[in-house]
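Take a look at the letters that make up each chain.
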Amino acid sequence: KATGRTWLSIGSLLSFASLRRSGAWSQIGQRIDGGRLSARQNKIAFNANYTWQMTRGSLTLSGTWTYRDSVYLVFSRDFNLAPSYDETDMRLSWNVPDGRYTLIRFVRDVFDVEGYEAGGHAIRVGVRTLTLSLTAPRVYGVEAQFRFDT
């Protein structure tokens, strides 16, 4: 039985990075002044929580959407560019009124979008190789939190 009280919370995160090297040399003697560091320029995240208050506890549905900009993994060359990607995460939480426990059901990367977290490249005997670290695939699970001090 619902008590008639619900809560909606909306949040967002927006970050910009402008990072450049200065006075540096690469390992093969190439001047890299002004070259961009390997960091994503933009990251945007939106989150919304909706809570239903009931006599037996509260149920909260939470959703987060995150966009990560493209990034040059080593130097600003097209073959070193990791593309941008977005990710959607969801959580459903049940809290009892006395706060003694919380049950959580979650899904990370709901749409199983492939993204690149890190990478590197090497040139050996005229062969160029690029190594990329993929983001984790869709992950889902259940979490239980117990509190003994309440």
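Residues numbered from 1 in each chain as written. Predicted model: local features only at pLDDT ≥ 70, side-chain atom pairs only at ≥ 80, totals over all residues. Heavy atoms only, no water.

A. How the structure looks around the overall build of the protein. The number of helices and strands found in the protein is zero helices and ten strands. Split into buried and exposed, the 150 residues of the protein put 23% on the buried side. In the form shown here, the protein has an accessible surface area of approximately 10,300 Å², with 56% of it arising from carbon and sulfur atoms. (Helix = DSSP H or I, 4+ residues; strand = E, 2+ residues; numbered from the N terminus. Buried < 20%, exposed > 50% of the residue type's maximum accessible area, 1.4 Å probe, protein only. Areas by Shrake-Rupley, 256 points an atom, 1.4 Å probe, with all protein chains shown as cover.)

B. Just the pairing of strand S7 (residues 101-108), in detail. Here six bridges tie strand S6 (residues 85-95) to S7, and the two strands are oriented antiparallel to one another. Each bridged residue has a counterpart across the sheet, and for Met 90 the counterpart in S7 is Val 107. Connecting S6 to the next strand, S7, in antiparallel fashion are five residues, including Gly 99 with a positive phi near 75 degrees. Where S7 lies against strand S10 (residues 139-146), eight bridges are found, and the strand directions are antiparallel. By the bridge assignment, Arg 105 is partnered in S10 with Val 142. (Pairing = 2+ DSSP bridges.)

C. How the structure looks around the environment of Pro 137. In this fold, Pro 137 is placed in the loop between strand S9 (127-134) and S10. Along the backbone, Pro 137 and Asp 112 are 25 residues apart, and their C-alpha atoms lie at a distance of 5.8 Å. What Pro 137 contacts, discounting residues up to four positions off in sequence, is Asp 109 and Asp 112. (Contact = heavy atoms within 4.5 Å.)

D. View of the confidence of the model for the protein. On average, residues of the protein carry a pLDDT of 79, and 73% of them reach 70 or more. Looking at the elements of the protein, mean pLDDT is at its lowest for strand S1 (residues 2-16), recorded as 67, and at its highest for S7, recorded as 97. A low-confidence stretch, residues 19-30 (pLDDT under 50), is modelled with 29 contacts involving residues beyond four sequence positions or located in other chains. (pLDDT = per-residue confidence, 0-100.)

E. Structural context of a nonpolar patch on the surface. On the surface, Trp 52, Leu 61, Met 90 and Leu 92 cluster together into a nonpolar patch covering about 310 Å² of accessible area. Residue position: Trp 52 is located in strand S2 (residues 42-54). (Patch = residues over 30% accessible without salt bridge, like charges linked within 9 Å, V, L, I, M, F, W, Y side chains within 5 Å. Salt bridge = Lys/Arg side-chain N within 4 Å of Asp/Glu carboxyl O.)

F. Spatial organisation of the environment of Thr 66. Structurally, Thr 66 can be placed in strand S3 (residues 57-68). Using a relative accessible area of 7% as the deciding quantity, one classes Thr 66 as buried. Expressed as a C-alpha distance, the spacing of Thr 66 and Asp 109, which sit 43 residues apart in the sequence, is 9.8 Å. Other than its neighbours up to four places away in sequence, Thr 66 contacts Lys 43, Ile 44, Ala 45, Tyr 85, Asp 86 and Glu 87.

G. Local environment of the side chain of Glu 87. Relative to the assigned elements, Glu 87 resides in strand S6. For the buried Glu 87, no salt bridge is present, and the opposite-charge side chain at shortest range is Arg 68, 4.3 Å distant. Dropping the residues within four chain positions of it, Glu 87 is found in contact with Thr 64, Trp 65, Thr 66, Arg 68 and Asp 109. (Lys, Arg positive; Asp, Glu negative; His and termini not counted.)

H. Representation of the packing of aromatic side chains. Going through the model one piece at a time under the given rule, you end up with four aromatic pairs. Considering the side-chain rings of Tyr 50 and Trp 52, the 4.8 Å spacing of their centres and the 70 degrees angle between planes classify their relative orientation as edge-to-face. Residue classification places Tyr 50 among the partly exposed residues on the basis of a relative accessible area of 29%. You can call Trp 52 partly exposed: its relative accessible area is 31%. Following the ring pairs from residue to residue traces out a cluster consisting of Phe 46, Trp 65 and Tyr 67. (Phe/Tyr/Trp six-rings, centres within 6.5 Å; stacked < 30°, edge-to-face > 60°.)

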